[in-house]
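For reference, the chains in residue letters:
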Amino acid sequence: QYTVLELLEDFSAKLDDRLTDQPAVESTVRLMISAVYHRFRTNTAEGLANAERAFELRRQLYGATHELTIRAEQAKALHMRFGASHNWADGTAILQKIIDLNPPFMEQDHEFTIRTKNIAIMSLSGEESLVAFRDLLTEAESKLGNGHTLTCGIRSNYARRLKNSRDYDQAELQLRQAIANLEETSGKNAPIAIVWRGNLADVFIERGNDERAKEILLPDLELAQKHLGEAHRDTMNVVRRLMQIYDRQEKSQLADDLFADYSARLRSATNRHALTAAYWLIAISTSSDVSRTTTSDKFLELAAEIYLSWLAEGNRKPAALGADVGRRI
């Protein structure tokens, strides 16, 4: 039952004592740990802590404008942008600063450059967002190829903007291509594939085609539970979408049964990552497309139960994430 992510968490906690006289090595190891957390979209507080430490070590060793320092700073910004701290503005500002600096290595490292641009323009909206993602997709196709995971990710981001502008046909087309390309290179079980198929389900849901959405979500629920675990935000999002469909179809018993099964699984699986699970339950339940619904109420109640259980275990001095969860509840 000991997972790779738990191994990384334990290892990084002991890293301070092991490599005190090898800052260059420590920074590299911490960036590797940070990258794993980012790839699996989980435990972002640990990912951010490791990226921040790597950045500070490299800034002291090489200076703020050295290539190695900039790479560590980008990793830090990624976790700020997507992590539980939701420090989107500061994370985006760091990425924009890197783009404006345009260090020489970015001319050759297309993946680094395009990834930085991809995350930076996520803060845009409306027509400006559509144009920016369309242009970046063209650049990624040219420099990385259609099958590159990053190109697929940009295509998915572009599709979400198309959906928001109600261009459902183009959104579906772009998402299907992104998913097909990703599954060909990384397999159906790739964690991000579950996210993108969920985005495709959203297109069907907004079109009123709940049955097509369920054809995607029901198999992905099993995949998410097996490969990501109950406490992962992407598993929660699959459950959330299914519950909303059942409620909309006035199948409240199916929604209740699904939630009862999921919450029982989550309680048995949640231990050291209880706070992260509670945080994402709150984040999902208060998002604009979920808030003020029956699903939102149930997710919030479950988050509160997990948080109170965490406190009951003697955690009286919560970390920053614990304090944030308590405030949000």
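These remarks concern the structure in this document. (Residues numbered from 1 in each chain as written. Predicted model: local features only at pLDDT ≥ 70, side-chain atom pairs only at ≥ 80, totals over all residues. Heavy atoms only, no water.)

Here the focus is helix 6 (residues 88-101). With 14 residues, helix 6 extends 20 Å from end C-alpha to end C-alpha; this agrees with the ideal 20 Å at 1.5 Å per step. The complete set of buried residues in helix 6 reads Gly91, Thr92, Ile94, Leu95 and Ile98. Buried positions in helix 6, seen along its axis, are confined to an arc of 155° and lie on one side of it. More than 90 degrees from the buried face of helix 6, the exposed residues found are Ala89 and Asp100. In this structure, the buried side of helix 6 is in contact with helix 5 (67-82) and helix 7 (110-120). One or two positions beyond helix 6, positive phi appears at Asn102, with a value near 50°. (Helix = DSSP H or I, 4+ residues; strand = E, 2+ residues; numbered from the N terminus. Expected span 1.5 Å × (residues − 1). Buried < 20%, exposed > 50% of the residue type's maximum accessible area, 1.4 Å probe, protein only. Arc of directions from axis to C-beta. Contact = heavy atoms within 4.5 Å.)

Judged by nonpolar contacts, the single largest core of 81 residues is most densely connected at Ile154, Met236, Leu281 and Phe299. With 10 residues, the top contributor of residues to this core is helix 15 (residues 274-285). Setting aside chain neighbours within four positions, we find Phe299 in contact with Met236, Val239, Arg240, Met243, Phe259, Leu281, Ile284 and Ser285. Leu31, Ala54, Ala72 and Ala75 belong to the second-largest nonpolar core, a separate cluster that totals 6 residues. (Core = buried A, V, L, I, M, F, W, Y, C linked by side-chain atoms within 4.5 Å.)

Looking now at the packing of aromatic side chains. Think of a pair of aromatic rings as described by two things: how far the centres are apart, and how the planes are tilted against each other in angle. Applying the stated criterion to the full structure yields 4 aromatic pairs. Consider the rings of Tyr279 and Trp280, whose centres lie 5.3 Å apart with planes at 90°: the pair is edge-to-face. On the basis of relative accessible area, Tyr279 is assigned to the buried category, the value being 1%. Note on Trp280: relative accessible area 7%, which makes it buried. Between Tyr307 and Trp310, the ring centres sit 6.1 Å apart and the planes meet at 20°, which makes this aromatic pair stacked. In this pair, Tyr307 and Trp310 are both assigned in helix 16 (residues 294-312), 3 residues apart and thus about one turn of the helix distant. When sorted by exposure, Tyr307 lands in the same class as Trp310, which is buried. The residue whose ring lies beneath Arg71 is Phe112, and the NZ or CZ to ring-centre distance is 5.2 Å. Above the plane of the ring of Trp280 lies Arg233, whose end atom (NZ or CZ) is 4.3 Å from the centre. (Phe/Tyr/Trp six-rings, centres within 6.5 Å; stacked < 30°, edge-to-face > 60°. Lys NZ or Arg CZ within 6 Å of the ring centre and 35° of its normal.)

What follows concerns the pattern of salt bridges. Throughout the structure, instances matching the rule amount to 23 salt bridges. For the salt bridge of Glu111 with Arg115, the shortest nitrogen-to-oxygen distance reads 2.9 Å. Here Glu111 and its partner Arg115 are both found in helix 7, 4 residues apart, which amounts to about one turn of the helix. On the basis of relative accessible area, Glu111 is assigned to the partly exposed category, the value being 33%. Among the ionic pairs, Glu172 bridges to Arg207, the shortest N-O distance being 2.8 Å. Residue Glu172 is located in helix 10 (residues 168-186), and its partner Arg207 is located in the loop between helix 11 (191-206) and helix 12 (210-227); the two are separated by 35 residues in the primary sequence. Residue Arg207 is classed as partly exposed on the basis of its relative accessible area of 37%. One continuous salt-bridge network, built from bridges that share partners, spans Asp169, Glu172, Arg176 and Arg207. (Salt bridge = Lys/Arg side-chain N within 4 Å of Asp/Glu carboxyl O.)

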